[in-house]
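# Observations on the three-dimensional arrangement
As a plain string of letters, each chain reads:
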Amino acid sequence: MKTILFAFILLLGTLPELKAQEGASPEKPRIYNPTADAQQDIKNAVAKAGKEGKHVLLQIGGNWCVWCIRFHNLTHSDTTLSRLLNDHYEVLRVNYSPENRNEATLAQLGYPQRFGFPVFVILDGKGNRLHTQNSAYLEEGKGHSPKLVAEFLQHWSPKALDPKSYLPKKRN
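What you see is a predicted model, and the numbers here were worked out from it, not measured in a lab. (Residues numbered from 1 in each chain as written. Predicted model: local features only at pLDDT ≥ 70, side-chain atom pairs only at ≥ 80, totals over all residues. Heavy atoms only, no water.)

## Topic: helix H2 (residues 38-52)
- Along its 15 residues, H2 runs 21 Å from first to last C-alpha, staying within 8% of the 21 Å computed at 1.5 Å per residue.
- For H2, the set of buried residues is Ala 38, Ile 42, Ala 45, Val 46 and Ala 49. An end-on view of H2 places all buried positions within 105 degrees of arc, on one side of the element. The exposed residues of H2 that point more than 90 degrees off its buried face are Lys 43 and Lys 51.
- Against the buried residues of H2 lie strand E1 (55-61), strand E2 (89-95), helix H5 (103-108) and strand E3 (119-123).
- Positioned one or two residues after H2, Gly 53 has a phi angle of 65 degrees, which is positive. (Helix = DSSP H or I, 4+ residues; strand = E, 2+ residues; numbered from the N terminus. Expected span 1.5 Å × (residues − 1). Buried < 20%, exposed > 50% of the residue type's maximum accessible area, 1.4 Å probe, protein only. Arc of directions from axis to C-beta. Contact = heavy atoms within 4.5 Å.)

Okay, here's the thing in structure tokens:
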């Protein structure tokens, strides 16, 4: 009887540890930096984009945001989306979390957080805000649609906004 009682007490002692392990989740990706200086990072991204003839894509969200992580994973695993981003954008993730809401930066960007997260803001190579995109329009099922994201990236690329792209071609 003492052996059974000892085994029972031992089992009870390990239950909290088993429960903690059961509820443990793998480490979430840390793609946003709450301590970053968003205003300086945006200035740097704009300067680089201007030199390279690109636009800046600000992905605003936080490490707490499952949709932000899903978008990041999609654009890094889909070769078409990765190429579109590399060819046409300087990408910067701007943090929004209890640690740092970047309120002054978001005010300067026209309060994009009103659309939820992630939210995307496109700046030209001079820092002018061109567009704010509600990411809900890019969703499909439990993620973002690669087709809709590709169209969004193409429609706001520097070439798409270049008036020369729409001039009639001269015929010889």
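## Here's the deal with the packing of helix H4 (residues 79-88) against helix H6 (residues 146-155)
- Direction vectors running N to C along H4 and H6 enclose 15 degrees, while the axes themselves pass 10 Å from each other. One way to sum up the angle between H4 and H6 is to call them roughly parallel. Seen from above, H4 lies across H6 with left-handed handedness. Of H6, the residues touching H4 (which contributes Leu 81, Leu 84 and Leu 85) are Pro 146, Val 149, Ala 150, Leu 153 and Gln 154.
- Residue composition of the contact of H4 with H6, grouped by class: seven nonpolar, one polar and no charged. (Axes fitted to C-alpha atoms, helices over the stretch in contact; angles between N-to-C directions. Parallel < 35°, antiparallel > 145°, perpendicular 65-115°, else oblique. Left-handed = near helix turned anticlockwise from the far one by under 90°. Nonpolar A, V, L, I, M, F, W, Y, C, P; charged D, E, K, R; others polar.)

## With respect to the packing of aromatic side chains
- By the definition in use, this model includes four aromatic pairs.
- Considering the side-chain rings of Tyr 96 and Phe 117, the 4.6 Å spacing of their centres and the 25 degrees angle between planes classify their relative orientation as stacked. Taken together, the residues span a long stretch of sequence, with Tyr 96 in the loop between E2 and H5 and Phe 117 in the loop between H5 and E3 at a distance of 21 residues. In this structure, Tyr 96 and Phe 117 share a single accessibility class: buried.
- Residues Phe 120 and Phe 152 carry aromatic rings whose centres are separated by 6.0 Å and whose planes lie at 40 degrees to one another, so their mutual orientation is tilted. Remark: Phe 152 occurs in helix H6 and Phe 120 occurs in strand E3; sequence separation between them is 32 residues. (Phe/Tyr/Trp six-rings, centres within 6.5 Å; stacked < 30°, edge-to-face > 60°.)

## A short note on the side chain of Thr 132
- You can see Thr 132 is positioned in strand E4 (residues 129-134).
- On the accessibility criterion, Thr 132 (14% relative accessible area) is buried.
- Among the polar contacts made by the side chain of Thr 132, one reaches the side chain of Arg 129 at a distance of 3.3 Å. (Polar contact = N/O pair within 3.5 Å; in protein donor to acceptor, adjacent residues only side chain to side chain.)

## Thoughts on the pattern of salt bridges
- A full pass over the atoms with the stated rule returns four salt bridges.
- A salt bridge links Glu 52 to Lys 54; the nearest nitrogen and oxygen atoms lie 3.4 Å apart.
- Note on Glu 52: relative accessible area 42%, which makes it partly exposed. (Salt bridge = Lys/Arg side-chain N within 4 Å of Asp/Glu carboxyl O.)

## Re the confidence of the model for the chain
- When pLDDT is averaged across the chain, the result is 88; 84% of the residues are at 70 or more.
- Ignoring residues within four places in sequence, the model shows residues 5-12, a span with pLDDT below 50, making zero contacts including any to other chains. (pLDDT = per-residue confidence, 0-100.)

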